[in-house]
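# Working through the structure, step by step
Below are the chains, spelled out letter by letter.
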Amino acid sequence: MPPLWYRVDRMWFPHPGIMPGTMTRQPYLCPLDHVFEINIMLKEQSEETFGPKIDIREYSFVDNPLVVPKQVKESWFDVQQCQEGSPNCHAVTNTSRPGTFRFPKNRNEETCIWVFSSFKDVKALQFSSLQDAFSGFSDKAMEETFRNRLEASPTRPYIL
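Residues numbered from 1 in each chain as written. Predicted model: local features only at pLDDT ≥ 70, side-chain atom pairs only at ≥ 80, totals over all residues. Heavy atoms only, no water.

## Structural notes on the state of the cysteines
Among covalent bonds in proteins, the disulfide is the one between the sulfur atoms of two cysteines. Rules: We call a pair of cysteine sulfur atoms a disulfide when they lie within 2.5 Å. Accessibility here uses a 1.4 Å probe with only protein chains present; expressed as a share of the type maximum, an area under 20% marks a residue as buried, one over 50% as exposed, and anything in between as partly exposed.
The tally for this structure, following the rule as stated, stands at 1 disulfide. Sulfur-sulfur distance for the disulfide between C82 and C89 comes to 1.9 Å. Its S-S torsion of approximately 90 degrees makes the covalent link between C82 and C89 right-handed. For the pair C82 and C89, one class covers both residues: buried.

And the structure:
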């Protein structure tokens, strides 16, 4: 998951958004559970209805020396989005330089599966940005199960 910037203190009781007397400067980098219902997102669900399970990690996962095994840190590609037609920007499975992969913006799931399946031995892909990375599904059944999974994992509402 990308870093999440937040402007509301998360608390179990109603409050005006920023706790009186807080020393926290706004906005702040917040934990995933301030925004998402993690327990629901990770719950086992029928693949037929909800599609394949989506594993998530917080943005800081790779930087945590207590969590990440050395082989993960040594096996990654930096995925840099590019505009199709620009130099070395092709939806193909070869790389422009070791550790870096240039990938055209706005690709559908078929292209993503085809290209990224060649990286199945790579432990981590780090995207420079996810904005405009994915154009959508061409497989409508896959799209429906993905939407079902997202709708079953609501974001937490603001308590104001």
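There is more to say after this.
## Describing the nonpolar core
Formally: In plain words, nonpolar cores are sets of buried Ala, Val, Leu, Ile, Met, Phe, Trp, Tyr and Cys residues tied together by side-chain atoms within 4.5 Å. Here a helix means four or more residues in a row that DSSP labels H or I, a strand means two or more in a row labelled E, and each is numbered from the N terminus.
Core analysis: the biggest nonpolar cluster contains 10 residues, these being L4, Y6, V8, Y28, C30, L32, V35, F36, M41 and I56. Residue assignment for this core shows that the elements contributing at least two residues are β1 (4–6) and β2 (28–30).

## Points about the sheet that holds strand β6 (residues 124–127)
Threshold: Between any two strands, pairing holds if DSSP finds at least two bridges. Lines fitted to C-alpha atoms define the axes, with helix axes restricted to the stretch in contact, and inter-axis angles between N-to-C directions lie between 0 and 180 degrees. We call two residues contacting when some pair of their heavy atoms lies within 4.5 Å.
What the 3 strands build is an open sheet, ordered β4-β3-β6; its pairing is parallel. Both edges of this open sheet fall to β4 (100–104) and β6, since each of them pairs with a single strand only. This sheet shows a mean twist of 30 degrees between the axes of neighbouring strands, independent of strand direction. As judged from the 4 bridges shared by strand β3 (residues 76–82) and β6, these two strands associate in the parallel manner. By the bridge assignment for β6, W76 is matched with A124. Docked against the sheet, helix α4 (residues 109–116) engages β3, β4 and β6, running at close to 160 degrees with respect to β4.

Read these as layout, nothing more, since geometry by itself doesn't imply function.
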